[in-house]
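Residue-level structural notes
This is what each chain is made of:
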Amino acid sequence: MELIKELFYNSGKPLGELYTWAHGIWAGWGAPPFLLDLIFQIIIGVAVALVVVLNALWIIYYDRKLSALMQIRKGPNRVGPLGLLQTIADTVKLMIKEDINPKAIDVLSFWVAPLIIFVPTFAVFLVLPFGKGLIPADLNIGILYVIAITGLTVIGILAAGWGSNNKYSLIGGLRSAAQIVSYEIPMMLVILSVVLLSGSMKMSDIVAAQANYKWFVIPQIIGFIVFLIVGNAEINRAPFDLPEAESELVAGFNTEYSAMKFAFFYLAEYTNLFLTSAIGATLFLGGWEGPFLPPIVWFFIKTYFVVTILMWIRWTFPRIRVDHLMEFSWKYMLPIALLNLVITAIVIKLV
Amino acid sequence: MVELILFYAFAGVIIFSAMLMVLSRNIFHSALFLAVTLLGVAALFAMMGSFFIAGIQVLLYIGAVVVLTIFVINLTKQVIGQDAPQVNEHVIPAIITSLLAACLIILAVLKTDWGTRIAQSVAQTELTDNTALIGRQLLTNFVIPFEVVSVLLLAALIGAIAIVSRDKEAEK
């Protein structure tokens, strides 16, 4: 009983004990220790992959139900109770569909693009603090790693747009790259303000700096709002979904994709939504900290709180016009984020 | 032992993708292989414990330089399937330059006293997390180069704005 409580509330300690215990037995067999580390890493990787897939299944259903609520519709309600099995049915459909490869594509770019988009998304989970001590790898550069790795997805989008050999895909890819690159700068400035406050880029230190409910959302309220807007733009969701604007570009950079390759784009999109929210919850809402409930539950509650805000924005605002898109980033978001950073620095120096 | 295997694996990836980048006849593929090469270099940095440099390598070189390169390629009119040869006629100057560069690298490798260097760097990386170390060094010992670089960047920014606004005036 005590162990189970410990496992939920202070996961780092029992897991660490398990690790040393396993290493002791392993050393008794005379096997090289790095093999056991490799096995542990593979187990962690599989666990994270499971979280990604199960979470995507649920988050897509949640998105559809929430949008239905906002548009006074019913949403998915046929497959399973309350339509809960709808996403599973869709996934199976995507898996058994024919994988169509148009004749005029550039084979390498076309095939590798879904992977370039999905792998960085998956890799970001490496530094996500799910609970106390429940973090796959607590890197020194934590949040910088997140920024660096998510920047890689742009290459995948551009490769998809170019490799499809289709004008809509190309325009979608170009728009997406321009959008992500310009919105990345205010994002970095906002994150830098948080790093200034916490004094570290390590994810566990950022959570620790917000202990006792001194959440960064209060001193950084402007930063949090900018983070929400810019985060929404970075994951290409409405009102910033110009890269896949249906009314002008068919489906943007993934027009030519079908079956499993399309599923990868879809999975990456919703995982990115979850990731942005999780990072927002960690940076501004105190991460896994909270009363009574286990840290991991609080982590998911806070993450889904941010997810709900992002979905709310998505389903209530019309799409921004393409010539306003860049202006909005460079003329409004960037100065606000920069000012926020300067004020944060001055206040820290004075106090 | 594991580190050695990993090092050779990453080094192999770097060299192989660099060769593919130069030899590929499709300029878009070249850009993709360039990204792989730079990622491999970042992995080597990470193996040496310089996580900050590795992160910056990925952020700037792949997230900015390669993305801009691909962006420019996308804006050119080159059609898919049309391969442009990537070699030109200047074989002899190319050979001379490559040989000189190779000599320089080999000389640098041979002249370095690796034993003390490695001992120093190990001592440094184990001392503290090197992000704070780099920051402190940049604002104390290397503050003049740091400021010079920022002035250079500012000049480049102003230059870019000047070029863009000149085109706008010409349109009017």
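None of these values were measured; they are calculated from a predicted model. (Residues numbered from 1 in each chain as written. Chains lettered and ligands numbered in written order. Predicted model: local features only at pLDDT ≥ 70, side-chain atom pairs only at ≥ 80, totals over all residues. Heavy atoms only, no water.)

Here's the deal with the overall build of chain A
- Helix and strand counts for chain A stand at 14 helices and zero strands.
- Listed by position from the N terminus, the elements making up chain A come as α-α-α-α-α-α-α-α-α-α-α-α-α-α.
- By the compact-globule yardstick of 20 Å for 351 residues, chain A fits well, its C-alpha radius of gyration being 21 Å.
- For the C-alpha atoms alone, the extent of chain A along its principal axes is close to 60 × 55 × 40 Å.
- Taken across its 351 residues, chain A has 49% of its residues classed as buried.
- Across chain A, the fraction of contacts at a sequence separation of at least 24, relative to all contacts at a separation of at least 6, is 73%.
- Of the roughly 16700 Å² that chain A leaves accessible, carbon and sulfur atoms contribute 73%. (Helix = DSSP H or I, 4+ residues; strand = E, 2+ residues; numbered from the N terminus. Rg over C-alpha atoms; globule rule 2.2 N^0.38 Å. Buried < 20%, exposed > 50% of the residue type's maximum accessible area, 1.4 Å probe, protein only. Contact = heavy atoms within 4.5 Å. Areas by Shrake-Rupley, 256 points an atom, 1.4 Å probe, with all protein chains shown as cover.)

Digging into the overall build of chain B
- The number of helices and strands found in chain B is seven helices and zero strands.
- Starting at the N terminus and walking to the C terminus, you meet the elements of chain B as α-α-α-α-α-α-α.
- Residue burial in chain B is summarised as follows: out of 172 residues, 20% are buried.
- At a minimum sequence separation of 6, the contacts of chain B that also span at least 24 residues come to 62%.
- For chain B, the accessible surface area stands at approximately 12600 Å², while carbon and sulfur atoms represent 75% of it.

Here's the deal with the interface of chain A and chain B
- The partner chain B presents 26 residues to the 30 residues of chain A that form the contact.
- Contact with chain B buries surface across chain A, with I155, W162 and L174 of chain A losing the most and accounting together for 27% of the total.
- Counting the contacts that link chain A with chain B gives zero salt bridges.
- Applying the counting rule to chain A against chain B returns zero residue pairs in polar contact (both at pLDDT 80 or more).
- Of all the secondary-structure elements, those providing two or more residues to the side of chain A that touches chain B are α5 (107-123), α6 (142-150), α7 (153-163) and α8 (167-198) of chain A.
- Of the residues that constitute the side of chain A that touches chain B, the class distribution is 24 nonpolar, five polar and one charged. (Buried area = accessible area lost by both parts, 1.4 Å probe. Salt bridge = Lys/Arg side-chain N within 4 Å of Asp/Glu carboxyl O. Polar contact = N/O pair within 3.5 Å; in protein donor to acceptor, adjacent residues only side chain to side chain. Nonpolar A, V, L, I, M, F, W, Y, C, P; charged D, E, K, R; others polar.)

What to know about the packing of aromatic side chains
Residue and element names in this part refer to chain A.
- Tallied over the full model, the rule gives 24 aromatic pairs over all chains.
- Here F224 and F284 contribute two aromatic rings whose centre-to-centre distance is 5.2 Å and whose plane-to-plane angle is 55 degrees, an arrangement assigned as tilted. Taken together, the residues F224 in helix α10 (residues 221-234) and F284 in helix α12 (residues 259-284) connect sequence positions 60 residues apart. The pair formed by F224 and F284 is uniform in burial state, with each residue classed as buried.
- Each member of the aromatic cluster is reached from another via a ring pair, and the members are W58, Y61, Y62, F125, F130, F274, F299, F300 and Y304.
- A cation over a ring is seen here: K261 above W111, with NZ or CZ 4.1 Å from the ring centre. (Phe/Tyr/Trp six-rings, centres within 6.5 Å; stacked < 30°, edge-to-face > 60°. Lys NZ or Arg CZ within 6 Å of the ring centre and 35° of its normal.)

Details of the confidence of the model for chain B
All names here are of chain B.
- Scored by pLDDT, chain B comes out at a mean of 82, with 85% of its residues at no less than 70.
- Per-element confidence in chain B is highest for helix α4 (residues 91-111), whose mean pLDDT is 90, and lowest for helix α5 (residues 114-127), whose mean pLDDT is 67.
- Across the predicted assembly, pTM comes out at 0.84 and ipTM at 0.80. (pLDDT = per-residue confidence, 0-100.)

Concerning the packing of α7 of chain A against helix α2 (residues 27-47) of chain B
- The interhelical angle for the contact between α7 of chain A and α2 of chain B, taken along N-to-C directions, is 165 degrees, at an axis separation of 12 Å. Our classification of the angle between α7 of chain A and α2 of chain B gives roughly antiparallel. Of the two elements, α7 of chain A crosses α2 of chain B, and the hand of that crossing is left-handed. Across the interface between the two elements, I155, L158, A159 and W162 of chain A from α7 of chain A touch F28, L32 and A35 of chain B from α2 of chain B.
- Among the residues making up the contact of α7 of chain A with α2 of chain B, the classes are represented as seven nonpolar, no polar and no charged. (Axes fitted to C-alpha atoms, helices over the stretch in contact; angles between N-to-C directions. Parallel < 35°, antiparallel > 145°, perpendicular 65-115°, else oblique. Left-handed = near helix turned anticlockwise from the far one by under 90°.)

Concerning the nonpolar core
- Of all hydrophobic cores here, the largest spans 104 residues; its most connected members are I59, I143 and F284 of chain A.
- Top element by residues in this core is α12 of chain A. It accounts for 12 residues. (Core = buried A, V, L, I, M, F, W, Y, C linked by side-chain atoms within 4.5 Å.)

With respect to helix α1 (residues 2-23) of chain B
All names here are of chain B.
- Between its first and last C-alpha, α1 extends 31 Å over 22 residues, near the 32 Å set by a 1.5 Å rise per residue.
- Those residues of α1 that fall on the buried side of the exposure criterion are A11, I14 and S17. Summarising the axial view, the buried residues of α1 lie within an arc of 140 degrees, below the 170-degree limit, and thus occupy one face. Seen from the buried face of α1, the exposed residues on the opposite side, beyond 90 degrees, are I5, Y8, I15, F16 and L23.
- Where α1 is buried, its residues meet α2. (Expected span 1.5 Å × (residues − 1). Arc of directions from axis to C-beta.)

Let's talk about unusual backbone geometry
Residue and element names in this part refer to chain A.
- Non-glycine residue I72 carries a positive phi angle of around 50 degrees.
- Position of I72 relative to the elements: it lies in the loop between α3 (33-70) and α4 (86-96).
- A relative accessible area of 79% means that I72 is categorised as exposed.

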